[in-house]
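# Structural description and commentary
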Amino acid sequence: MLMPYRRLPNTDAARLRAMQIASRQYESLGINVPFQPKTIHEINALIPQYERAIEDFKYQSNTQSIKNKKYQNIVKTARMYISHFIQVLNLSCIRNEIKPEKKLLYKLLPTNYSVPDLSTEALILEWGKNIIDGENERIMNGGAPIYNPAIAKVRVNYEIFKDAYQLKKIGQKNTDRALESIKKIRENADSLILELWNQIESNFKDLGTAAMQEESKKFGVVYYLRRKERQALQGGYVDTDDDIIIP
């Protein structure tokens, strides 16, 4: 004999659907529903909060995604200018146009002619500041400016990157906050759905398991077949670990 089992919703859409079915049944049947008015009142209050939280998270996520492509171009440009400036500085030292020890102003080792690691945003921020400060100090002490790229051009792209980086952090915080809001609502929803479904099944328990499940499904309770039971139903092996819903 097949024995479907009850499984609580595990997605936002499924949670909302479970609560909305119960809400519609309450609107249709009033006090004749198999659950307590207090429970459905709490559910009706939660549904719009849940929907708003989901929409807010989608908006924040979509906004981040749209802005990300432009942001990556800004990062790429800032990294390129910083790298090119350091390469030109190194070549100037090799040609003895700038004394190698002057590289210490940029926090670069005089004997190291490689470009430092610029693979992360934090490193771009660090080395951008280092070379801007170093070049300014060298010029103030009588050194000839480096051109192609000039430090002014490097600074412009560095500042654009720094501003974009701060905006990205704010956007990420907004997205994280929206996600945390959903997580809290999920906990509340899971608690209410568990309470709701327990009340529904308890109301129909005297009908026997099969009839109880049939009646409970009308009010949103969901039942699944386990894998072995599904194999037995289909008369063969099924290569999947997923359970199937019983309509």
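Procedures and definitions
Residues numbered from 1 in each chain as written. Predicted model: local features only at pLDDT ≥ 70, side-chain atom pairs only at ≥ 80, totals over all residues. Heavy atoms only, no water. Helix = DSSP H or I, 4+ residues; strand = E, 2+ residues; numbered from the N terminus. Rg over C-alpha atoms; globule rule 2.2 N^0.38 Å. Buried < 20%, exposed > 50% of the residue type's maximum accessible area, 1.4 Å probe, protein only. Contact = heavy atoms within 4.5 Å. Areas by Shrake-Rupley, 256 points an atom, 1.4 Å probe, with all protein chains shown as cover. Lys, Arg positive; Asp, Glu negative; His and termini not counted. Charge placed at Lys NZ, Arg CZ, Asp CG, Glu CD. Arc of directions from axis to C-beta. Salt bridge = Lys/Arg side-chain N within 4 Å of Asp/Glu carboxyl O.

Turning our eyes to something else, we now look at the overall build of the protein chain. In terms of regular secondary structure, the protein chain is built from 6 helices and 3 strands. In sequence order, the protein chain lays out its α and β elements as β-α-α-α-α-α-β-α-β. Taken over the C-alpha trace, the protein chain has a radius of gyration of 32 Å; the compact-globule value for 247 residues is 18 Å, which it surpasses by more than 25%. Overall size of the protein chain, expressed as C-alpha extent along the three principal axes, is 95 × 45 × 25 Å. Burial statistics for the protein chain: of 247 residues in total, 38% are counted as buried. Of the contacts formed within the protein chain by residues at least 6 apart in sequence, a portion of 65% connects residues at least 24 apart. Here the protein chain displays about 14,900 Å² of accessible surface, and carbon together with sulfur accounts for 54% of that area. Of the side-chain charges in the protein chain, 37 are positive and 30 negative, and the distance between the mean point of each set is 6 Å.

On to the environment of Tyr-224, then. Mapped onto the secondary structure, Tyr-224 falls in strand S2 (residues 223–225). In this structure, the C-alpha to C-alpha distance between Tyr-224 and Leu-109, residues 115 residues apart in sequence, is 66 Å.

This next bit is on unusual backbone geometry. Pro-149 follows Asn-148 through a cis peptide bond whose omega is 10°. Note on placement: Pro-149 falls in the loop between helix H3 (121–140) and helix H4 (151–203). In the Ramachandran plot, Lys-107 falls in the positive-phi region, its phi being about 65° despite a non-glycine side chain. Within the secondary structure layout, Lys-107 lies in the loop between helix H2 (37–94) and H3. Overall, the relative accessible area of 61% leaves Lys-107 in the exposed class. The phi dihedral of Asn-148 falls on the positive side, at around 55°, and the residue is not glycine.

Buried residues of helix H5 (residues 209–217): Met-212, Gln-213, Ser-216 and Lys-217, and no others. The arc that holds the buried residues of H5, viewed along the axis, is 130°, so those residues lie on one side.

To continue, consider the environment of Trp-127. Examined against the element boundaries, Trp-127 turns out to sit in helix H3. Between the C-alpha atoms of Trp-127 and Tyr-158, which are 31 residues apart in sequence, the distance is 9.9 Å. If near-sequence neighbours (up to four positions away) are discounted, Trp-127 is found in contact with Ile-82, Tyr-106, Lys-107, Leu-108, Pro-116, Asp-117 and Leu-118.

Here the focus is the pattern of salt bridges. Where side chains of opposite charge bring their charged atoms close, a pairing between them can arise. On inspection of all chains with the given rule, the structure shows 13 salt bridges. The shortest N-O distance in the salt bridge between Lys-217 and Glu-214 comes to 2.8 Å. Linking Lys-217 with Glu-214, this pair stays in helix H5, spanning 3 residues, or about one helical turn. Classification of Lys-217 by relative accessible area gives buried; the value is 17%. Through salt bridges that share partners, Asp-12, Arg-15, Arg-186 and Asp-190 make up one connected network.

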